[in-house]
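Structural overview for review
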Amino acid sequence: RDRANGCAAFRGRGRTLEPYPLVIAGEHNIPWLLNLPGQGRRVLGEIYAVDERMLSFLDEFEGCPNMYQRTPLRIAVLEWEGARGAPEETPAADGTLQCFVYSTVTYAPEWVHLPHHDDYDSRGGHGLRYNPRENR
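Every value quoted in this text rests on a predicted model; they were computed, and no experiment measured them.

With that out of the way, let us pick up the environment of isoleucine 47. With respect to the helices and strands, the residue isoleucine 47 is situated in strand 4 (residues 44–50). Distance from isoleucine 47 to leucine 34, taken between C-alpha atoms, is 19 Å for residues 13 residues apart in sequence. Ignoring sequence-local partners within four residues, the contact set of isoleucine 47 consists of Ala9, Phe10, Arg11, Gly12, Arg13, Gly14, Ile75, Val77, Trp80, Leu97 and Cys99.

Let's shift gears to the confidence of the model for the protein. On average, residues of the protein score 91 in pLDDT, and 93% of them are at 70 or above. Predicted confidence in the protein is weakest over strand 1 (residues 8–16), with a mean pLDDT of 94, and strongest over strand 2 (residues 22–25), with 97.

Along the chain, the position of glycine 127 falls in the segment after strand 6 (96–103). Separated by 13 residues in the primary sequence, glycine 127 and leucine 114 place their C-alpha atoms 14 Å from one another.

Under the local residue numbering, the UniProt record ascribes the feature "active site" (unreviewed entry) to Glu62. Within the secondary structure, glutamate 62 sits in the loop between helix 1 (52–61) and strand 5 (69–80). Contacts of glutamate 62, omitting those with residues within four sequence positions, involve Met67, Tyr68 and Tyr102.

Bringing the nonpolar core into the picture now. Counting eleven residues, the largest nonpolar core is built from Tyr20, Leu22, Leu33, Val43, Ile47, Leu73, Ile75, Val77, Leu97, Cys99 and Val101. Broken down by secondary-structure element, the contributors of at least two residues to this core are strand 5 and strand 6. Sequence-distant contacts of isoleucine 75, defined by excluding residues within four places in its chain, comprise Gly14, Arg15, Thr16, Leu17, Ile47, Gly95, Thr96, Leu97 and Cys99.

Inspection of every chain in the model, using the stated rule, returns four salt bridges. Note that arginine 13 and glutamate 79 form a salt bridge whose closest N and O atoms lie 3.7 Å from each other. Of this pair, arginine 13 sits in strand 1 while glutamate 79 is found in strand 5, placing the two residues 66 residues apart along the sequence. Classification of arginine 13 by relative accessible area gives partly exposed; the value is 34%. Taking the shortest distance from any N to any O, the salt bridge between arginine 70 and aspartate 59 comes out at 2.7 Å. With arginine 70 in strand 5 and aspartate 59 in helix 1, this residue pair connects regions lying eleven residues apart in the sequence. Linked by salt bridges that have partners in common, Arg13, Glu46 and Glu79 make up one network.

Conventions we followed
- The residue numbers shown here count from 1 along each chain, following its written sequence.
- This being a predicted model, a pLDDT of at least 70 is required before a residue's local features are given, and a value of 80 or more before pairs of side-chain atoms are given or counted; all residues contribute to the totals for chains, interfaces and linings.
- Just so you know, side-chain values use all the structure's heavy atoms and leave hydrogens and water out.
- A run of H or I in DSSP counts as a helix once it spans at least four residues, and a run of E counts as a strand once it spans at least two, with each numbered from the N terminus.
- Any two residues whose heavy atoms approach within 4.5 Å at even a single point are treated as in contact.
- A residue's pLDDT is the predictor's confidence in that residue, given on a scale from 0 to 100.
- UniProt positions are given in the numbering used here, feature names are shortened, and annotations may be inferred rather than shown by experiment.
- By convention a nonpolar core is built from buried Ala, Val, Leu, Ile, Met, Phe, Trp, Tyr and Cys residues, the set being connected through side-chain atoms within 4.5 Å.
- Relative accessibility decides the category of a residue: with a 1.4 Å probe and only protein chains considered, values under 20% of the type maximum give buried, values over 50% give exposed, and everything between is partly exposed.
- Whenever a carboxyl oxygen of Asp or Glu lies within 4 Å of a side-chain nitrogen of Lys or Arg, that contact is scored as a salt bridge.

Now the structure itself:
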């Protein structure tokens, strides 16, 4: 929402084409998308169009590339509210879109055995409330 970091516009909702383990781990209940394609669930998420400045901000915020890595994935578009415009901002004829996600290859081995989630909401039924950075 702070345009000082660049621009981001909500475009829609999607789901990974391949399953991935989305787990909640660590003392702060952080959601982690483990970069293990073919394992876990097809994960739901929101799709945003961002400018280069916002992408740089997000990379820094997500600790990229040490904590998370920005990974290009094909996403199945479930809902599309995006503005009509440039081809890179519209789903392909098969209803997919190339998106970046923040996933990780650096995680504790036991995380693979944690419950896998379809999506993440800090107030979800899992009972693992996220502890924001400002409270740590």
